[in-house]
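What the coordinates show
Listed below, chain by chain, are the residues.
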Amino acid sequence: MSVYPEKFGVMVIGAGHAGCEAALASARLGISTCLLTINLDCIAAMSCNPAIGGLAKGQLVREIDALGGEMGRNIDATGIQFRRLNTSKGPAVRATRAQADRLLYRLRMKQVLESQDNLQIHQAMAAGLLVRDGRVYGIITTIGQEFHAERVIVTTGTFLKGVIHIGMNRFEAGRLGDPPSNRLSQSISEQGFQMGRLKTGTPPRLDAKTIDFSVLDIQESDPSPTPFSILTDRISTPQRPCYITYTNSKTHRFIESGLDRSPLFAGVIKGTGARYCPSIEDKIHRFPDRERHQVFLEPEGLDTVEVYPNGISTSLPMDIQIKMVHSIRGLEKAQIMRPGYAIEYDFSNPQQLKPTLETMLIKGLYLAGQINGTSGYEEAGAQGLIAGINAARSLRDEPPLILDRSQAYIGVLIDDLVTKGTKEPYRMFTSRAEYRLLLREDNAHARLTPIGREIGLVDDASWERFQKKQERIKETMRMLNEIKVTPGRETEAWLSSIGSTPIRQQIPLAELLKRPEVTIEAASELFPVLDEIPEDTRCQVEIETKYQGYVKRQEEEIEKFRQWESVKLPDDIDYSSIPGLTREVVEKLQRQRPDSIGRASRISGITPAAITAIRIHLKKLGIGEKENC
């Protein structure tokens, strides 16, 4: 056994999307940080689809950027197709999604990590946690080397006891081509953590040279791509199209013929898969009346022929995968370069975490990413960022960063995990956020950049751009209130042309913009000065103006929500001494130790009557505001 000569402030295990954000956050906050990864060539690897963002996920990426994280900058620099989704729907559900050049994405992130001050990167596999008196003090690798650190962040993805399934063939792996991390999973379990099994999957990769794109529907990138990061002026990477095709009855017959050799239907796979992203065999089984299922053919990069057929994730045997692919229009001669597969892996019950992502069982130990039961690069990156920030702040004796549900999708994500837990891979949806009208992509920086600046992660360049943008928004609002729209022939003709009714008196343009059909772009026909307003400013101003009434109502709801969150629960409160609580409620509260009345109320099985009993008890103890208790 040997001990690495330097002791670190923070040790991060795993260099996936959570690990990268955690390590960068810690190092950028001035903490000596070590990032440990099984393979230096797989840093920030996109194990599944080569894309960042999407519905609700785009909000997470913007929030990561607003707090000073790297994911938004990385996809802006390496994205090869950008699309705004749900543009015809309300602002709360609009989102940006970008296809990445898979190789460029991980190479750029690797370069960022390698050039970061206070950060060392080592190739090794963690075999176990080093714990003394209930506190972590480092890790030991599979070759017997110890790395000592005051805080440890575990971000292991699908590697904990990972098992890959292709038909009835199964073998241990963290992902196809990489070894699993078995001993670390055992070490975590031995520390008393409740472990479970989850399952995810991926489709076969196809050779673009063997695909007939001429018969497929094309999906181009947006003509003016919208960046994720406030630091990105424009997207300069060459853009590539995606293509759309569909399964058919012949495809479905081939799939059904292989179900007896499907590990999913033969009972070989024990882990729980995601309901929202089922394998193609699961889709066929669950929706037998569906005549076809959509398949997106997504390029994996500028300099590779590999194509990701999004929509046919599978663990079927190879002979069925080949027949299935060849039955799809445009793919009749497609060659499979990599097989589709399912992977099972261990995860830890996230209800054993504090809202800071520090574990309740071991001080100084943080968990982030798929080990907490989540699915997706964006969910992982968000957790990694918060874990890295809080590990660093705890070392500096600073209060932790805990975002609540009214502040960010990140807050919704972590609150859901630590209060409700999960029994299947957790994915972020806009429907999970009660205050989604206020938690939009367009205002993520307005919500969170001041927080990122205060904690020290938002650099001068980002802060300067943020302040200029906020000033532009303020100036635009002033301009819209100063511009007066006067009744008259020209005004009536213009309003009629956009399907709006006449006005009876002079009103500010800001007031007219509350009408759904009136936009700043349309109004520029009457007032050419509006053409000078940048698109991102125009978008945010329009939303704030049109949805002013709804926004005000949500702000009132948030005020009530924060009253509950402000009533803090003491760490040492003995729930068994509170009259009126059932044994089940006491056990849940003792186990999860919620930090506020609000968080306690969101734990499954905690009734309103139980909350009332707790509030009365706190009032007797003189804890909390009188009007809240």
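Residues numbered from 1 in each chain as written. Predicted model: local features only at pLDDT ≥ 70, side-chain atom pairs only at ≥ 80, totals over all residues. Heavy atoms only, no water.

So, about the overall build of the chain. A tally of helices and strands in the chain yields 20 helices and 23 strands. Taken over the C-alpha trace, the chain has a radius of gyration of 26 Å; the compact-globule value for 629 residues is 25 Å, and the two agree within 12%. Seen along its three principal axes, the alpha-carbon backbone of the chain occupies a region of about 85 × 75 × 50 Å. If you take every contact in the chain between residues at least 6 apart in sequence, the share linking residues at least 24 apart comes to 73%. Per element, the accessible surface of the chain, about 26800 Å² overall, is 48% carbon and sulfur. Computing the positive centroid from 81 side-chain charges and the negative centroid from 80, the chain places the two 4 Å apart. (Helix = DSSP H or I, 4+ residues; strand = E, 2+ residues; numbered from the N terminus. Rg over C-alpha atoms; globule rule 2.2 N^0.38 Å. Contact = heavy atoms within 4.5 Å. Areas by Shrake-Rupley, 256 points an atom, 1.4 Å probe, with all protein chains shown as cover. Lys, Arg positive; Asp, Glu negative; His and termini not counted. Charge placed at Lys NZ, Arg CZ, Asp CG, Glu CD.)

On to helix 18 (residues 583-592). Taken residue by residue, helix 18 has Val585, Val586, Lys588, Leu589 and Gln592 as its buried positions. Angularly, the buried residues of helix 18 cover 165° about the axis, an arc narrow enough to put them on a single face. Buried residues along helix 18 sit against helix 10 (409-420), helix 19 (597-601) and helix 20 (608-621). The positive-phi residue at the C-terminal boundary of helix 18 is arginine 593, with phi of around 50°. (Buried < 20%, exposed > 50% of the residue type's maximum accessible area, 1.4 Å probe, protein only. Arc of directions from axis to C-beta.)

Mapping glutamate 70 onto the fold places it in the loop between helix 2 (57-66) and helix 3 (71-78). Assessed through its relative accessible area of 2%, glutamate 70 is described here as buried. Of the polar contacts made by the side chain of glutamate 70, one reaches the side chain of arginine 108; its length is 3.0 Å. (Polar contact = N/O pair within 3.5 Å; in protein donor to acceptor, adjacent residues only side chain to side chain.)

Along a regular strand, successive side chains alternate from one face of the sheet to the other. A large share of strand 2 (residues 8-13) lies buried, amounting to six of its six residues. Sheet topology note: the strand 2/strand 10 (residues 145-154) ladder contains five bridges and is parallel. Looking at the pairing, methionine 11 lines up with valine 152 of strand 10. As paired elements, strand 2 and strand 3 (residues 33-37) share four bridges and run parallel to each other. Bridging from a neighbouring strand, isoleucine 13 pairs with leucine 36 of strand 3. Crossover strand 2 to strand 3 through helix 1 (residues 17-28) is right-handed. (Pairing = 2+ DSSP bridges. Right-handed = clockwise from strand over helix to strand, strands pointing away.)

On to the domain arrangement of the chain, then. Interfaces are frequently sized by the accessible area removed from exposure as the parts join. When cut into domains, the chain gives domain 1 (2-197 + 345-455), domain 2 (205-344), domain 3 (476-549) and domain 4 (566-621). On a C-alpha basis, the centroid separation for the pair domain 1 and domain 4 is 30 Å. The partner domain 4 presents eight residues to the 10 residues of domain 1 that form the contact. Both faces combined, the contact of domain 1 with domain 4 buries some 780 Å², and carbon together with sulfur accounts for 51% of it. It is Met360, Asp415 and Thr419 that lose the most area in domain 1 upon contact with domain 4, and together they represent 47% of the buried surface on that side. Inspection of the domain 1/domain 4 interface yields two salt bridges. Summed over the shared surface of domain 1 and domain 4, the number is five residue pairs in polar contact (both at pLDDT 80 or more). (Domains from an automatic or database assignment. Buried area = accessible area lost by both parts, 1.4 Å probe. Salt bridge = Lys/Arg side-chain N within 4 Å of Asp/Glu carboxyl O.)

Moving on, we come to the pairing of strand 16 (residues 242-246). The element strand 16 is extensively covered by neighbouring structure, given that four of its five residues are classed as buried. With three bridges joining them, strand 15 (residues 217-219) and strand 16 adopt antiparallel strand pairing. From the neighbouring strand, aspartate 217 faces strand 16, where its bridge partner is isoleucine 244. Alignment of strand 16 against strand 17 (residues 294-299), held across four bridges, turns out to be antiparallel. From the neighbouring strand, isoleucine 244 faces strand 17, where its bridge partner is phenylalanine 296.

Next up on the list: the sheet that holds strand 5 (residues 79-85). Overall, antiparallel pairing links the three strands, which are arranged 4-6-5 in an open sheet. For this open sheet the edge positions go to strand 4 (51-53) and strand 5, each flanked by a neighbour on one side alone. On average, adjacent strands in this sheet sit at an angle of 20° to one another, irrespective of strand direction. Strand direction decides the pairing type here: strand 4 and strand 6 (residues 95-100), joined by three bridges, are antiparallel. (Axes fitted to C-alpha atoms, helices over the stretch in contact; angles between N-to-C directions.)

Quick look at the pattern of salt bridges now. Tallied over the entire structure, the rule returns 40 salt bridges. The salt bridge partner of lysine 469 is aspartate 536, with a shortest N-O separation of 3.9 Å. Linking lysine 469 in helix 12 (residues 460-482) with aspartate 536 in helix 16 (residues 535-546), this pair joins segments that are 67 residues apart in sequence. Here lysine 469 falls in the buried class, since its relative accessible area comes to 11%. Where arginine 478 meets glutamate 482, a salt bridge forms, and the shortest distance between an N and an O atom there is 2.5 Å. A residue pair is termed a helical-turn pair when its members lie 3 or 4 positions apart in one helix, as arginine 478 and glutamate 482 do in helix 12 at four residues. A residue is classified by how much of its surface remains accessible, and arginine 478, at 37% relative accessible area, is partly exposed. Connected through salt bridges with shared partners, the residues Arg405, Asp415, Asp416, Lys420, Glu434, Glu565, Asp595, Arg599 and Arg602 form a single ionic network.

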